[in-house]
Amino acid sequence: MSLLSRQTQKGAFFARAVASDAGFATDQERITLDYIEGQLITNQLTGRHTLVDAGGLKIKWQAGYSVADRDVLDRRTYGRFRAVGSDDPFLLGFGQSGEASEPRRSWEFLQDRTLDLGIDLSLPFEFTETLRGDFKWGARGTRRDRDFESVRFAYSSPATQRSDLFRIAQYVPNPENVLTPFFFGPGGFDLTELNTSIRGGGNANIYDGAQDVNAFYLLGDVFVGELFEIQAGARLENSTITVATGDPAAGATVASRLTDSDILPSLNATWFISRKTQVRIGASQSLNRPQFRELAEVDFLDPETRFLTIGNAQLRSAKLTNYDLRFEQYWSNSSAASVGVFYKDIKNPIELNIDASAGNQVVRSFQNANSAKDYGIEFDARQDMSILKEVAPVLQFAYVAGNFSRIESRVSLPDGSTRRLQGQSNYLVNATLGYSNPAQRTDATLLFNIFGDRLGEVGINDLPNSTEKSYPMLDFNIRQGFGQHWQIGLKARNLLDPRIDIEQGQFNGAAALQRSYKLGRSGQISLQYQF
């Protein structure tokens, strides 16, 4: 199987805030224009075999190789300012005291290459009429490499060199018209490289990453009569992640190497009370490893918040111990409901933090907390509309589905106090109104989601935590097949476009608004040809 996917994004982002510098408050605007191209090429080869002479041994193997590119081919950022309460025109900022940041232009080039090899074997057995099942084992190996490089320039103008030419540039209504040769040179502004320095010097706008994950597993899937199924096994997993930040040719790099060797057991048991009713219980261990960008000490622009965030080379993997109990009821293949409880014990959870200790410059990064607990209850349901077939035949292909989770989380801090886990809401609601007609090759879904308030960023060095307030999301997807091999799709994202508020600390006895923004509505049209 081969897959080629290309995506082009063009975006405009606008932000406004009141800033205070050296006792002088200004009303500031920030405008960012993005042009991004992405491409994914995936090739996969699989095989299935059954060896009858070997007791019905089943073998499944796969080999895959993919290359993903994400290139920021042009990102332009402008800052404008004026005195608070003034009706004067906004002036183009050049980073001096009391001004907005200088115009910037950047390019980024990222490529991921992934090789995945795996084999799974399954041997059936039957000890007695009431004790039968499959013994399964297999191995998996994954190699992933990443190359990242960025080029950034700033349009600077020292206050001592400014002339009438510079003043003209500041008053140009369209910032795009400023970036012309006319305004460069003496009295105007200069083009300077804006690369971040790493510890020890050198260019930090480049990093290379590599990850090797090798695993072997054993699993027994046993049926005890007609009432019970037990799955028990373990996965031996070894992982090595290396990230080198900086250009070795410049004589300085910051290296991160994270090595894990873990045995991850799992146990799942199902009690089939009847053909339509069952109870499941499970226990397992799993890992949450940091991503390359979370380990690389290179600042990157978060695609949603538009804030620069830098990695932490000292991060460790988080290890989760999971327990869950679930009751499930099935009325048909498309109508079901379930209720479950869960508990997670997390060692070294990875959280996003915010710090303003470095010269009052706000920096976002990542850190490990000591431990956390996450537990709650969840409900799921799905119901088709076949009962309405006689009223309106078209509704027999419609369905409704939804789930609700009530969650509590607690992070233990070194001083003995506790708080919520960063990013974890106290409730989640998802609802789907769908239509699926296989004969007409039509699939459509209307998706609604809302979550409770959640801790957005962990404040460190006496900075208060931030809270992301609850907001709803509504998306619409539709796919329609035509011809023998073609399919056209439409995705409409964030139809409600709610305002997103992040609060931090107190002001005059009430929660202070750190920032407020909208993501904007977006859409995507796709055309697929299936071989």
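Shown above is the structure to which this text applies.
Residues numbered from 1 in each chain as written. Predicted model: local features only at pLDDT ≥ 70, side-chain atom pairs only at ≥ 80, totals over all residues. Heavy atoms only, no water.

A. Just the overall build of the protein, in detail. Along the backbone of the protein there are 2 helices and 29 strands. Counting all 531 residues of the protein, 36% fall into the buried class. Within the protein, residue pairs in contact and separated by at least 24 positions form 64% of the contacts whose partners lie at least 6 positions apart. Carbon together with sulfur atoms contributes 56% to the accessible area of the protein, which is approximately 29,300 Å² in total. For the protein, the centre of its 56 positive side-chain charges and the centre of its 62 negative side-chain charges are spaced 3 Å apart. (Helix = DSSP H or I, 4+ residues; strand = E, 2+ residues; numbered from the N terminus. Buried < 20%, exposed > 50% of the residue type's maximum accessible area, 1.4 Å probe, protein only. Contact = heavy atoms within 4.5 Å. Areas by Shrake-Rupley, 256 points an atom, 1.4 Å probe, with all protein chains shown as cover. Lys, Arg positive; Asp, Glu negative; His and termini not counted. Charge placed at Lys NZ, Arg CZ, Asp CG, Glu CD.)

B. Looking closely at the packing of aromatic side chains. For the structure shown, the criterion picks out 10 aromatic pairs. With 6.3 Å between their ring centres and 25 degrees between their planes, Tyr343 and Tyr375 make a pair best called stacked. A residue pair is termed long-range when its members are at least 10 positions apart, and Tyr343 in strand β15 (residues 335-347) and Tyr375 in strand β18 (residues 371-384) qualify at 32 residues. Under the relative-accessibility criterion, Tyr343 is labelled partly exposed at 28%. A residue is classified by how much of its surface remains accessible, and Tyr375, at 32% relative accessible area, is partly exposed. Of the aromatic side chains, those joined through ring pairs into one cluster are Tyr323, Tyr343 and Tyr375. Against the face of Tyr399 rests Arg382, its NZ or CZ located 3.9 Å from the ring centre. Directly above the ring of Phe451 sits Arg454, whose terminal nitrogen or CZ lies 3.7 Å from the centroid. (Phe/Tyr/Trp six-rings, centres within 6.5 Å; stacked < 30°, edge-to-face > 60°. Lys NZ or Arg CZ within 6 Å of the ring centre and 35° of its normal.)

C. Highlighting the nonpolar core. Core analysis: the biggest nonpolar cluster contains 14 residues, and Tyr207, Ile241 and Val243 have the highest contact counts within it. Secondary-structure elements contributing two or more residues to this core are β9 (228-245) and α2 (292-295). The residues contacting Ile241, other than those within four sequence positions of it, are Ala210, Gln211, Ser256, Arg257, Leu258, Arg289, Pro290, Phe292 and Leu295. The next biggest cluster of nonpolar side chains, apart from the first, holds 11 residues, and it includes Phe94, Tyr155, Phe183 and Phe189. (Core = buried A, V, L, I, M, F, W, Y, C linked by side-chain atoms within 4.5 Å.)

D. Structural view of the pairing of strand β23 (residues 454-459). Counted residue by residue, β23 has 5 buried out of 6 residues, so it is predominantly covered. As paired elements, β23 and strand β24 (residues 466-468) share 3 bridges and run antiparallel to each other. Counterpart to Glu457 in the pairing with β24 is Ser466. Counted along the chain from β23 to the antiparallel partner β24, the turn is 6 residues long, and its residue Asn461 has a positive phi close to 55 degrees. (Pairing = 2+ DSSP bridges.)

E. View of the pairing of strand β19 (residues 398-412). As paired strands, β18 and β19 are joined by 14 bridges and run antiparallel to one another. Opposite Tyr375, over in β19, you have Glu408 as the bridge partner. Pairing analysis gives 9 bridges linking β19 to strand β21 (residues 427-437), with the strands arranged antiparallel. The residue bridging Gly402 from the neighbouring strand is Ala431, located in β21. Examined bridge by bridge, β19 and strand β20 (residues 418-419) share 2 bridges and lie antiparallel to one another. In the sheet register, Ser412 faces β20, and the bridge partner there is Thr418. Where β19 folds back onto β20 in an antiparallel hairpin, the turn is made up of 5 residues, including Gly416, whose phi is positive at roughly 95 degrees.

F. Seen up close, the pattern of salt bridges. Summed over the entire model, instances satisfying the criterion amount to 31 salt bridges. A salt bridge links Arg105 to Asp74, with the shortest nitrogen-to-oxygen separation between them at 2.9 Å. Linking Arg105 in strand β5 (residues 104-128) with Asp74 in strand β3 (residues 57-83), this pair joins segments that are 31 residues apart in sequence. By relative accessible area, Arg105 is classed as partly exposed at 22%. (Salt bridge = Lys/Arg side-chain N within 4 Å of Asp/Glu carboxyl O.)

G. A look at the side chain of Asp475. Summarising the element assignment, Asp475 is placed in strand β25 (residues 472-482). Look at Asp475: it is buried, it has no salt bridge, and the nearest opposite charge is Arg493 at 4.4 Å. Within the structure, the side chain of Asp475 is placed 2.8 Å from the backbone nitrogen of Asn494, a separation counted as a polar contact. If we skip the residues at most four places from it in the chain, Asp475 touches Thr445, Leu446, Leu447, Ala492, Arg493, Asn494 and Leu495. (Polar contact = N/O pair within 3.5 Å; in protein donor to acceptor, adjacent residues only side chain to side chain.)

H. Main features of a nonpolar patch on the surface. A contiguous nonpolar patch, built from Val224, Leu227, Phe228, Ile230, Leu267, Trp271, Ile273 and Phe327 and spanning about 670 Å² of accessible area, is present on the exposed surface. Of all the secondary-structure elements, those providing two or more residues to the nonpolar patch are β9 and β10 (254-272). Along the chain, the position of Ile230 falls in strand β9. (Patch = residues over 30% accessible without salt bridge, like charges linked within 9 Å, V, L, I, M, F, W, Y side chains within 5 Å.)

I. Summary view of the side chain of Thr442. In this fold, Thr442 is placed in strand β22 (residues 442-451). When its relative accessible area of 13% is taken as the criterion, Thr442 is described as buried. Polar side-chain contacts of Thr442 include one of 3.3 Å to the backbone oxygen of Gln440. At a separation of 2.4 Å, a polar atom in the side chain of Thr442 contacts the side chain of Gln480. Look past the residues within four positions of Thr442 in its chain and what remains in contact with it is Tyr435, Ser436, Asn437, Arg479 and Gln480.

J. Structural view of the environment of Asp71. Tracing the backbone through its elements, the reader meets Asp71 in strand β3. Sequence separation between Asp71 and Ser470 is 399 residues, and the spatial gap between their C-alpha atoms is 32 Å.

K. Region of the structure containing the environment of Glu304. Mapped onto the secondary structure, Glu304 falls in the loop between β12 (299-301) and β13 (308-310). Residues Glu304 and Arg144, 160 residues apart in the sequence, show an inter-C-alpha distance of 25 Å. The contact partners of Glu304, leaving out residues within four places of it in the chain, are Glu468, Tyr471, Tyr517 and Leu519.

L. Representation of unusual backbone geometry in the model. Positive phi, close to 55 degrees, is recorded for Asn461, a residue that is not glycine. As for its position among the elements, Asn461 is in the loop between β23 and β24.

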